[in-house]
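An overview of the molecular structure
Listed below are the residues making up each chain.
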Amino acid sequence: MGKCGNVVSSKCLGNNKGAAECLEAIVAKMTFRRLLSGTVLINKVGCRSAFTSSKPDVNNPNWLRVGLAFGTSAFLWALLFKQHSTDVHEYKVRNGLE
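What counts and what doesn't
Residues numbered from 1 in each chain as written. Predicted model: local features only at pLDDT ≥ 70, side-chain atom pairs only at ≥ 80, totals over all residues. Heavy atoms only, no water. Helix = DSSP H or I, 4+ residues; strand = E, 2+ residues; numbered from the N terminus. Buried < 20%, exposed > 50% of the residue type's maximum accessible area, 1.4 Å probe, protein only. Areas by Shrake-Rupley, 256 points an atom, 1.4 Å probe, with all protein chains shown as cover. Salt bridge = Lys/Arg side-chain N within 4 Å of Asp/Glu carboxyl O. Expected span 1.5 Å × (residues − 1). Patch = residues over 30% accessible without salt bridge, like charges linked within 9 Å, V, L, I, M, F, W, Y side chains within 5 Å. pLDDT = per-residue confidence, 0-100. Contact = heavy atoms within 4.5 Å.

1. As for the overall build of the chain
Along the backbone of the chain there are 2 helices and 2 strands. Looking at the chain as a whole, 5% of its 98 residues are labelled buried. Surface accessibility of the chain: about 9,200 Å² in total, with carbon and sulfur atoms responsible for 63%.

What follows is the structure in structure tokens.
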């Protein structure tokens with residue numbers, strides 16, 4: 001019996017396939033199994049992002065980033081309230097309430 005990696009393959013023996021087709025099937029199976037085993041290994045090991053050189057220091061925050069985050073949030077809330085008041089005014093004008 002022919003061996004396919006660690007699994008014995010008897011599919012090629014009972015068929016009328018040529019030896020080249022049988023060999024292609026075995027190689028394709030081995031390659032696919034190797035790809036899967038590599039991804040499992042990578043997932044178990046994990047990987048660190050290439051863009052992070054060190055862990056963030058929680059005792060000394062980056063105040064520029066904190067300010068930008070809160071500033072952006074405040075700006076978006078202001079836009080939301082402005083848009084809402086504009087929409088309410090337009091609704092009242094259209095329906096003759098104002």
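2. Overview of the pattern of salt bridges
The final tally for this structure, using the stated rule, is 1 salt bridge. Across the salt bridge formed by E90 and R94, the nearest N and O atoms sit 3.0 Å from each other. Residue E90 and its partner R94 are both found in helix α2 (residues 63-94); the two are separated by 4 residues, about one turn of the helix.

3. A look at α2
Spanning 32 residues, α2 covers 46 Å between terminal C-alpha atoms, matching the ideal 46 Å at 1.5 Å per step. Phi turns positive, to about 70°, at G96, one or two residues after α2.

4. A short note on a nonpolar patch on the surface
On the surface, F75, L76 and L79 cluster together to form a nonpolar patch covering roughly 310 Å² of accessible area. Relative to the helices and strands, L76 is located in helix α2.

5. Some points on the confidence of the model for the chain
Counting all residues, the mean pLDDT for the chain is 76, and 55% of those residues have values of 70 or more. Here residues 1-9 is modelled with pLDDT under 50, and outside its nearest four sequence neighbours on either side it reaches 15 contacts, counting other chains as well.

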